[in-house]
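Structural characterization, general
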Amino acid sequence: MSDPVQYVHRYSRVEDQEIAGYLASCFAYGSVKLVHRAVARILSAMGDSPAKFVRNYKGQKAWPGFYHRFHTEEHVEILVQVLKEALDEQGSLGGLFLSQRDKDFSQDPFEQVLHGAALWFRERSMRQIEKRAKPELARGMRFFFNSPADGSACKRTVMFMRWMVRRDEIDIGVWDWMRPEQLVIPVDTHVARISYYLYLRGGKELQAPNWKMAREITQELKKVNPLDPVCYDFALARLGILDICKRKYVQSICERCPVEKGCRYSKMRQDRQ
């Protein structure tokens, strides 16, 4: 499996699955090869129990020479230190996310949790940056903690929450305090493109993903599956990542596609005939 969810399945204890999954989601950007190189490097230093490693972390240099695009070993050290604070204060990473939920549900609970967790992580990471007196690290740390309030699609954190809330052969579903129908689909360039072809969103074909788009796609998928709209995430993303969909009508490929009848390119071809 090329998807970073594979790192969650390497562990049997929930607290290890949470830590491994969160770290994997943080670095799930860039090419698949580089993502796996980065995540494997981080987790290998943590031994058999990432959660135990985080709880006992004392600032040791465990990732010398690490880099992933614009992130370095110092970003990893700060991230692990902040995760340690989450475990110390809330008992688990799931506990930290749960603590951000508005108990009276006056607003959308998923958006509340996502935004609250982002602010919590930003604040704690800034404290660590100030201790190091290295303000240049701030941009890289903020990249990990996107919020819907910024308009971001929050793809990586939304993906992590999908892993934790849904339960099937892919997602582990260990957070029972949120329901699958409350989730928002993780949207990257692949999901955005395929969703455009399938009339799941408006706008332009190459429009950059944002929170409004993620909401729009999720609402359209709820018309098909109200209780689990994001169950289609993996399938939509694979069509793009594996380059199965060629961005144009290719008869030998499109005629075998199970969603060909609902595709924008297929309709355009039929209209021309």
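Here the structure is shown first, and the text comes after it.
None of these values were measured; they are calculated from a predicted model.

On to the overall build of the protein chain, then. The helix and strand inventory of the protein chain stands at 13 helices and 2 strands. A globule of 273 residues ought to have a C-alpha radius of gyration of about 19 Å, and the protein chain, at 20 Å, matches this closely. Once the C-alpha set of the protein chain is aligned to its principal axes, its extents read approximately 70 × 45 × 35 Å. Across the 273 residues that make up the protein chain, the buried fraction comes to 51%. Counting only contacts in the protein chain whose residues sit at least 6 apart along the sequence, the fraction spanning at least 24 positions is 63%.

What follows deals with the pattern of salt bridges. Evaluation of the coordinates by the stated rule reveals 22 salt bridges. Lys-134 is the partner of Glu-74 in a salt bridge, and the nearest nitrogen-oxygen pair spans 2.9 Å. Here Lys-134 lies in the loop between helix H6 (109-132) and helix H7 (138-144) and Glu-74 lies in helix H4 (residues 73-90), a separation of 60 residues in the sequence. Among the residues examined, Glu-74 registers a relative accessible area of 18% and is labelled buried. The class for Lys-134 is partly exposed, based on a relative accessible area of 28%. Between Asp-150 and Arg-142 there is a salt bridge, with the nearest N and O atoms lying 3.8 Å from each other. Assessed through its relative accessible area of 44%, Arg-142 is described here as partly exposed. Via salt bridges that share partners, Arg-162, Arg-166, Asp-168, Asp-171, Asp-228 and Asp-233 belong to a single interconnected network.

About the thresholds
Residues numbered from 1 in each chain as written. Predicted model: local features only at pLDDT ≥ 70, side-chain atom pairs only at ≥ 80, totals over all residues. Heavy atoms only, no water. Helix = DSSP H or I, 4+ residues; strand = E, 2+ residues; numbered from the N terminus. Rg over C-alpha atoms; globule rule 2.2 N^0.38 Å. Buried < 20%, exposed > 50% of the residue type's maximum accessible area, 1.4 Å probe, protein only. Contact = heavy atoms within 4.5 Å. Salt bridge = Lys/Arg side-chain N within 4 Å of Asp/Glu carboxyl O.

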